[in-house]
Structures are given as structure tokens and as C-alpha cells.
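# Structural overview for review
Single-letter residue listing:
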Amino acid sequence: MAEIFYDDDADLSIIQGKKVAIVGYGSQGHAHAQNLRDSGVEVVIALKDGSKSAAKAQEDGFEVKNVADAAEWADLIMILAPDQHQRSIFADSIKDKLTEGKTLAFAHGFNIRFGYIDAPEGVDVILVAPKAPGHTVRREYVAGRGIPDIIAVERDASGSAWDTALSYAKAIGGTRAGVIKTTFTEETETDLFGEQAVLCGGMSHLVQVGFETLVEAGYQPQIAYFEVLHELKLIVDLMWEGGIAKQRWSISDTAEYGDYVSGPRVISSDVKASMKAVLSDIQSGAFAERFIADQDKGAPEFLELREKEQGHPIEATGKELRGLFAWKQQDTDYVEGSAAR
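Scoring rules and cut-offs
Residues numbered from 1 in each chain as written. Predicted model: local features only at pLDDT ≥ 70, side-chain atom pairs only at ≥ 80, totals over all residues. Heavy atoms only, no water. Core = buried A, V, L, I, M, F, W, Y, C linked by side-chain atoms within 4.5 Å. Buried < 20%, exposed > 50% of the residue type's maximum accessible area, 1.4 Å probe, protein only. Helix = DSSP H or I, 4+ residues; strand = E, 2+ residues; numbered from the N terminus. Pairing = 2+ DSSP bridges. Contact = heavy atoms within 4.5 Å. Axes fitted to C-alpha atoms, helices over the stretch in contact; angles between N-to-C directions. Salt bridge = Lys/Arg side-chain N within 4 Å of Asp/Glu carboxyl O. UniProt positions renumbered as here; feature names shortened; annotations may be inferred. Phe/Tyr/Trp six-rings, centres within 6.5 Å; stacked < 30°, edge-to-face > 60°. Lys NZ or Arg CZ within 6 Å of the ring centre and 35° of its normal. Parallel < 35°, antiparallel > 145°, perpendicular 65-115°, else oblique. Nonpolar A, V, L, I, M, F, W, Y, C, P; charged D, E, K, R; others polar.

The next subject is the nonpolar core. Membership of the largest hydrophobic core comes to 32 residues, with the highest contact counts inside it found for Ile 22, Leu 36, Ile 45, Val 128 and Tyr 168. Elements with a contribution of two residues or more to this core: β2 (19-23), α2 (27-38), β3 (42-47), α3 (53-59), β5 (76-79), β7 (124-130), β8 (149-155) and α8 (161-171). At six residues, the largest contribution of residues to this core is made by α8. Counting residues in hydrophobic clusters, the runner-up holds 28 residues, among them Trp 73, Ala 74, Ile 150 and Phe 184.

If you want it as C-alpha cells, here you go:
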């Protein structure tokens, strides 16, 4: 059974007694920084000289330092830059500033799990990962609620790294919802697998192939778009609210019967075998090596794949169709009780 922690399990004064540097001021960076500040924590934003994010951070009332100065100043450094840039930021501006007793923190374990970052001895290494985009983390905190976090400790040099992780999670609102204990390895491997096999890679390509199947059979692209993409939000929101069981309870008997008899024809044992191969590439480090090697060369494969996928016919159909709607789509158009969330 998973270990779950709530507000009463965390001591906010621990993080309130530390100076915190947030490296990056993007989606997660702005949310962590603002939630920490509202929880009584001293925060500075650490950015590369000339960063476009500096003006936004200063506009939001934060002091901005370059990364090296912030790392020297801080007791805890939370790295929220993109995975592919963390290694160089760490080597150039953080590593030499990590004196004994400091804490190095992450919201994703990629660079620790695959060995791209190795913190000096005497430094705690922790992970606090909200399971939502940054704007949602901030919105829920302001509303008095929170987003579930997962936390991990890779190195407990101080003997109190878990307490620090829980305190940080409380300061950003995570313990209001619940915080699950994990490891850097489990977080990284399951996160990458979920993205690749289901949430991003699996879902987007399933939609594309469904669209192609209907259009090639002679159906209107606009109707195909509605049936395989537009209505997907309804299904996902129902799953999010009450699991697959609620989704199946909410749909028609025809749709539910089709789920049972046709779903396994599409997601067959061959698909599961392919998923296992994807997981194997993640576990072995092969995916990480491919991604980082491509990024180091200027991301030619990444950019080529992005351009190819953006050219799929479903994109043009969707853009045209969404432009014809007489109303703007909102969550409240689909989700039961969403106004109360």
C-alpha cells in the first residue's frame, strides 16, 4: 500500500527556515515560487543572464539572481529547467556552490536516475513533483486546495531529507491533497512510460490512426474529428473523476458493449508487448541516451518529428472546425461539477 502524507504529517517551519532558489520561471517555476512565498518562505529566482523570464519574475515581485549567485545564497536549490538543460546548468553554475548541508531538489528524476547529474557528498537530494501543470498547481493553492505530489529522497546526507521534502510539499499545497512516497527511479521510469505509452504517444497516435481509418473509408474529416478527438475530453474527464468504472457507467449500453468486445481487438497483446519494449528502453537508459544525444546535436530528430506530426491532416481539420464553433469550449461544457473544483 502506498504511503500517503497530509498536512498534519509535515512541518512547514522546516522550509520556512531555509532560503530557496527556484531555477527557472516557467510553468512549474512560477507556481512553486509563488506558493512558497505565500507560505512564508524566502525565495529568489535563479536565471541565466539575459533570460526572457527575468522581467516576468521581477514583475511578480521576486528578486532575480544569476544561477551561480542564487545557488551560493540558497540552502535549497530546486531545479525546474527543462530536462535537457539541467546537466549544463548544474555543471556550470550549481555544482561548485553545493556546500555540505545544502539540499538539491527536482520535480522530475530524469537527470539523477540516468546519471547526468551527480551531487557532491554531504548534500541532500530530494524530489517533489506535483502531478499537474504549474498553472493548476498555483490555481488550486490560491483556492485553498492542492494538487497531489509525489516525493522521493535519493540521498539523505543530513538525516532529515524526508522532512525537508514533506515541508516543501506542504508549502506548495501538496499535502492538502495528499503526498505519495516514491523513489527517483520509480518516478522517472513510470513518468516516462506514462507519457510515451499512454498519455502522449499512445493517445495521440491512437487518435490519428482512428481519424485516418474513418477518412480512408470515405467519411467526412469533420465528422471523424468529432468522433475520435473532440469527444475524447468527455471520456478522459469521466475517468479522471471516477476511474474507468465511472466512464463506463456514464456512456450508453451500446458504447459500453463496444468497449468490451472491440477494445481488446485494438489494444491487443501485441500492443502490450510493444509497451513492454518501450518500458525496457526507458529502464535501460536507451531512451534517455537517444533524447540527450539528439538534444546535444541541436535536436534535429526532435524537430523533424515535430514538423512531421504537425502536418497530419487531423490538425488542419481541427483548426478549421474549431474556428467554426459559435462558442468557446470550456471545461464546464463537459465536466460534471467542474465549477465547484
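Our next topic: the sheet that holds β3. The strand order β1-β9-β8-β7-β6-β5-β2-β3-β4 describes an open sheet built from nine strands, whose pairing is mixed. Because the sheet does not close on itself, it has two edges, and the strands there are β1 (4-5) and β4 (63-66). Its contacts with the sheet put α2 on β2, β3, β5 and β7, and the angle it makes with β2 is roughly 165°.

The next subject is the pattern of salt bridges. As enumerated under the stated definition, the model contains 16 salt bridges in all. Here Arg 248 and Asp 259 are joined by a salt bridge, their closest N and O atoms 2.7 Å apart. Placement of Arg 248 in helix α13 (residues 232-250) and of Asp 259 in helix α14 (residues 253-266) is noted, with a sequence separation of eleven residues between them. Owing to a relative accessible area of 22%, Asp 259 belongs among the partly exposed residues under this scheme. Linking Glu 301 and Arg 290 is a salt bridge whose minimum nitrogen-to-oxygen distance equals 2.4 Å. A residue pair is termed long-range when its members are at least 10 positions apart, and Glu 301 in helix α17 (residues 300-310) and Arg 290 in helix α16 (residues 286-296) qualify at eleven residues. The exposure class assigned to Glu 301 is partly exposed, which follows from its relative accessible area of 27%.

As annotated by UniProt and renumbered to match this structure, "binding site: NADP(+)" (unreviewed entry) occupies Tyr 25, Gly 26, Ser 27, Gln 28, Lys 48, Ser 51, Ser 53 and Gly 134. Note on placement: Gln 28 falls in helix α2. Exposure remark for Gln 28: the relative accessible area of 18% places this residue in the buried category. When you line up the elements, Gly 134 lands in helix α7 (residues 134-142). The exposure class assigned to Gly 134 is buried, which follows from its relative accessible area of 0%. Setting aside anything within four residues of it in sequence, one finds Gly 134 in contact with Ser 27, Gln 28, His 30 and Ala 31.

For the structure on display, the rule yields six aromatic pairs. Ring plane angle 10° and centroid distance 6.1 Å describe the contact between Phe 110 and Tyr 116, whose orientation is recorded as stacked. Exposure remark for Phe 110: the relative accessible area of 1% places this residue in the buried category. Of the residues examined, Tyr 116 reaches a relative accessible area of 21% and is grouped as partly exposed. Taken together through their ring pairs, the aromatic side chains of Phe 110, Phe 114, Tyr 116, Phe 287 and Phe 291 make up a single cluster. Over the ring of Tyr 141 we find Arg 176; its NZ or CZ atom is 4.3 Å from the centre of that ring.

Right, let's get into the packing of α16 against α17. Where α16 contacts α17, the axes come no closer than 7 Å and their chain directions differ by 95°. Judged by the inter-axis angle, α16 sits roughly perpendicular to α17. In this structure, α16 uses Arg 290, Asp 294 and Gln 295 to contact α17, whose residues at the interface are Pro 300, Glu 301 and Phe 302. Split by residue class, the contact of α16 with α17 holds two nonpolar, one polar and three charged.

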